[in-house]
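Structural features, examined
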Amino acid sequence: AQSVSQHNHHVILSEAASLELGCNYSYGGTVNLFWYVQYPGQHLQLLLKYFSGDPLVKGIKGFEAEFIKSKFSFNLRKPSVQWSDTAEYFCAVNFRAAGNKLTFGGGTRVLVKP
Amino acid sequence: EAGVAQSPRYKIIEKRQSVAFWCNPISGHATLYWYQQILGQGPKLLIQFQNNGVVDDSQLPKDRFSAERLKGVDSTLKIQPAKLEDSAVYLCASSPRTSGNTGELFFGEGSRLTVL
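Residues numbered from 1 in each chain as written. Chains lettered and ligands numbered in written order. Predicted model: local features only at pLDDT ≥ 70, side-chain atom pairs only at ≥ 80, totals over all residues. Heavy atoms only, no water.

**Considerations on the packing of aromatic side chains**
Formally: Aromatic pairing here means that ring centres of Phe, Tyr or Trp (its six-membered ring) are within 6.5 Å. Orientation follows from the plane angle: under 30 degrees is stacked, over 60 is edge-to-face, and everything else is tilted. Helix and strand assignments follow DSSP, with helices taken as H or I runs no shorter than four residues and strands as E runs no shorter than two, numbered in order from the N terminus. Buried, partly exposed and exposed residues are distinguished by accessible area as a fraction of the type maximum, computed with a 1.4 Å probe on protein chains only: under 20%, between the cut-offs, and over 50%, respectively.
Following the criterion strictly, the structure yields 15 aromatic pairs over all chains and no others. Ring centres of Phe 63 of chain A and Tyr 89 of chain A lie 5.6 Å apart, and the angle between their planes is 40 degrees; on these two criteria the pair is classed as tilted. Residue Phe 63 of chain A is located in the loop between strand 7 (56-58) and strand 8 (64-68), and its partner Tyr 89 of chain A is located in strand 10 (residues 87-95); the two are separated by 26 residues in the primary sequence. In this structure Tyr 89 of chain A comes out as buried when scored by relative accessible area, which is 0%. Ring centres of Phe 104 of chain A and Phe 107 of chain B lie 5.9 Å apart, and the angle between their planes is 75 degrees; this geometry places the pair in the edge-to-face category. Taken together, the residues Phe 104 of chain A in strand 11 (residues 102-104) and Phe 107 of chain B in strand 10 (residues 106-107) connect one chain to another. Just as Phe 104 of chain A is buried, Phe 107 of chain B falls in that class too.

Set out below in structure tokens:
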């Protein structure tokens, strides 16, 4: 069965620190890749997505992610975090051969201290 | 553009009772999904509809969960009877295309269920 793994459950860092969240997925052929964010008390929102082309994708709020096909990874990065980046981050994969549905990782809770 | 609407936002019931959640997707979105998000975990797909037909319900506990989307628009998810382990947030999502769908979903705010 297709699966998505996120390496860290909780991350605590200070403002201006750099952030990198890991995401790996099981083999599944063609994939579409997403990072969603859930701010406290809010619904899931799309942060960025990768369908094809340049494996380095840029999203909203200064986030970017790099697709490394050989490693089945899609890590999320932000060079300098702000307190407002405190949220839960979910990696999600659409394994195209399995139909158009998203499989989510377990999420990473990020706390940015002011 | 209005987002995905869900109700109720919160529900508390006792075990063995029943509960129903309602979802209205974004207008024109053909595909509708129900996900279950247990505290501390990522969302897990329960059922996927395309228009009013079920595409995937392989992870829906059919002995107690049911869902329908009769006219290809609104959907309801029902749990009867509820168990303690059903305590979770039930997320509805929709997506805009019937073919060549790239998997981008638009989520509602969720319905939080607590089973006592």
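**With respect to unusual backbone geometry**
All names here are of chain B. The amide bond that connects Ser 7 to the next residue, Pro 8, takes the cis arrangement and shows omega of -10 degrees. Tracing the backbone shows Pro 8 in the loop between strand 1 (5-7) and strand 2 (10-13). Gln 80 connects to Pro 81 through a cis peptide bond whose omega is -5 degrees. Tracing the backbone through its elements, the reader meets Pro 81 in the loop between strand 8 (75-79) and strand 9 (88-95). The phi dihedral of Arg 16 is positive, around 80 degrees, even though this residue is not glycine. Unlike most non-glycine residues, Asn 51 shows phi in positive territory, near 55 degrees. With respect to the helices and strands, Asn 51 occurs in the loop between strand 5 (44-50) and strand 6 (53-56).

**So, the interface of chain B and chain A**
Put simply, the test is: Contact between two residues is taken to exist if any of their heavy atoms lie within 4.5 Å; hydrogens are not considered. Defined here as a combined quantity, buried area equals the accessible surface (1.4 Å probe) lost by two parts on assembly, summed across both. The salt bridge definition used is simple: a Lys or Arg side-chain nitrogen within 4 Å of an Asp or Glu carboxyl oxygen. Contacts described as polar in this section are N or O atom pairs within 3.5 Å, which, within protein, must combine one atom able to donate a hydrogen with one able to accept it, while residues neighboring in sequence count only if both atoms come from side chains. Here the nonpolar group is Ala, Val, Leu, Ile, Met, Phe, Trp, Tyr, Cys and Pro; Asp, Glu, Lys and Arg are the charged ones; every other residue, Gly included, is treated as polar.
Facing the 21 residues of chain B at the interface are 19 residues of chain A. Both sides together, the interface formed by chain B and chain A hides about 1600 Å², and carbon and sulfur atoms give 51% of it. Across the contact surface, chain B and chain A share zero salt bridges. Linking chain B with chain A are two residue pairs in polar contact (both at pLDDT 80 or more), by the criterion used here. Contributions of two or more residues to the side of chain B that touches chain A are made by strand 4 (31-37) and strand 5 of chain B. It is strand 4 of chain B that provides the largest number of residues to the side of chain B that touches chain A, a total of three residues. Of the residues that constitute the side of chain B that touches chain A, the class distribution is eight nonpolar, ten polar and three charged.

**Description of the sheet that holds strand 1 of chain B**
All names here are of chain B. Defined as follows: Note: two strands are recorded as paired if DSSP finds a minimum of 2 bridges between them. Every axis in this analysis is a line fitted to C-alpha atoms, fitted for helices over the stretch in contact. Angles between the N-to-C directions lie between 0 and 180 degrees.
Pairing within the open sheet is antiparallel, and its four strands lie in the order 1-3-8-7. Of all strands in the sheet, those with a lone pairing partner are strand 1 and strand 7 (65-68), marking the two edges. Along the sheet, successive strands turn relative to each other by an average axial angle of 15 degrees, direction set aside.

**Here we look at the pattern of salt bridges**
Enumeration over the complete set of coordinates arrives at eight salt bridges over all chains. The partner of Lys 58 of chain A in a salt bridge is Glu 64 of chain A, and the shortest N-O contact between them spans 2.9 Å. A residue is classified by how much of its surface remains accessible, and Lys 58 of chain A, at 65% relative accessible area, is exposed. Measuring nitrogen to oxygen at the nearest pair gives 2.4 Å for the salt bridge that ties Asp 86 of chain B to Arg 64 of chain B. With Asp 86 of chain B in the loop between strand 8 and strand 9 and Arg 64 of chain B in the loop between strand 6 and strand 7, the pair connects residues that are 22 residues apart, well separated along the chain. Overall, Asp 86 of chain B belongs to the buried group, its relative accessible area being 3%. It is possible to trace a salt-bridge network through shared partners that takes in Lys 58, Glu 64, Glu 66 and Arg 77 of chain A.

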